[in-house]
Amino acid sequence: LAKTTQPISMDSYEGQEVNITCSHNNIATNDYITWYQQFPSQGPRFIIQGYKTKVTNEVASLFIPADRKSSTLSLPRVSLSDTAVYYCLVGLNNAGNMLTFGGGTRLMVKP
Amino acid sequence: EPEVTQTPSHQVTQMGQEVILRCVPISNHLYFYWYRQILGQKVEFLVSFYNNEISEKSEIFDDQFSVERPDGSNFTLKIRSTKLEDSAMYFCASSKAPTGAYNEQFFGPGTRLTVL
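Residues numbered from 1 in each chain as written. Chains lettered and ligands numbered in written order. Predicted model: local features only at pLDDT ≥ 70, side-chain atom pairs only at ≥ 80, totals over all residues. Heavy atoms only, no water.

S.K.: Is there a simple way to explain the overall build of chain A in this structure?
M.R.: On a plain count of helices and strands, chain A comes out with 0 helices and 9 strands. Helices (α) and strands (β) of chain A occur, in sequence order from the N terminus, as β-β-β-β-β-β-β-β-β. What you see for chain A is a C-alpha radius of gyration of 13 Å, in line with the 13 Å of a compact globule of 111 residues. For chain A, the spread of C-alpha atoms along the principal axes amounts to about 40 × 30 × 25 Å. Across the 111 residues of chain A, 47% fall into the buried class. Across chain A, every contact between residues at least 6 apart in sequence was considered, and the portion connecting residues at least 24 apart equals 56%. (Helix = DSSP H or I, 4+ residues; strand = E, 2+ residues; numbered from the N terminus. Rg over C-alpha atoms; globule rule 2.2 N^0.38 Å. Buried < 20%, exposed > 50% of the residue type's maximum accessible area, 1.4 Å probe, protein only. Contact = heavy atoms within 4.5 Å.)

S.K.: Where do I start with the pattern of salt bridges in this structure?
M.R.: Close approach of charged atoms allows side chains with opposite charge to pair. Residue and element names in this part refer to chain A. By the definition in use, this model includes 2 salt bridges over all chains. As a salt-bridge pair, Asp11 and Lys110 come within 3.2 Å of each other at their nearest N and O atoms. Residue Asp11 is found in strand E1 (residues 9-13), and its partner Lys110 is found in strand E9 (residues 105-110); the two are separated by 99 residues along the sequence. (Salt bridge = Lys/Arg side-chain N within 4 Å of Asp/Glu carboxyl O.)

S.K.: Hey, could you run me through unusual backbone geometry in this one?
M.R.: Omega for the bond connecting Thr7 of chain B with Pro8 of chain B falls within 30 degrees of zero, at -10°, which places this linkage in the cis form. Here Pro8 of chain B shows up in the loop between strand E1 (5-7) and strand E2 (10-13). Not every positive phi belongs to a glycine, and Arg77 of chain A is a case in point at roughly 45°. Tracing the backbone shows Arg77 of chain A in the loop between strand E7 (70-75) and strand E8 (84-91).

Honestly, it's all geometry; don't read function into it.
See the structure below:
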């Protein structure tokens, strides 16, 4: 499994764009990059997934450079409710595969 | 929007007792999982289940743990003889079979298990 490294914590203010970068130097050819979000006392929730280049959905964007050794989750115009832990996961996109969570990035959005 | 549900939300038990944590996965999902999160620590995979059998399990999932799908809707995790270190939040998750899109896992709200 590819090891991931991401900042332990980040602070931001409401209305700002937040970028969280994850390093995964030993990502394998068939691995996908997936981000989950976890609010306190809740289960993780899928945000976005990509393989290369850029992916955007209604919640976030994911930027993946050509070498795929890192990825950046971009949250546009955060609000207080975006305060959560964000996890970067790297692995195969197969049914039934276990998810391996790291420590995640604790994002604190301030008013 | 369909969601995974778990009961109870909080379970308190004495060390050595058996507990059963219950989950109702999303109805058209075929893969089921249990994870746990000790307070302040990472989410850890325990077991995955497909077609009425365990497909993968972690080192944490020892002989004290078992899973079952007793009927068409419930998915349970049993801990036979609880230990203090089993105190954690236990999350159930489910996912569809892949159809080309990402096989997203949907998590339930969790059961907080406290072993005294």
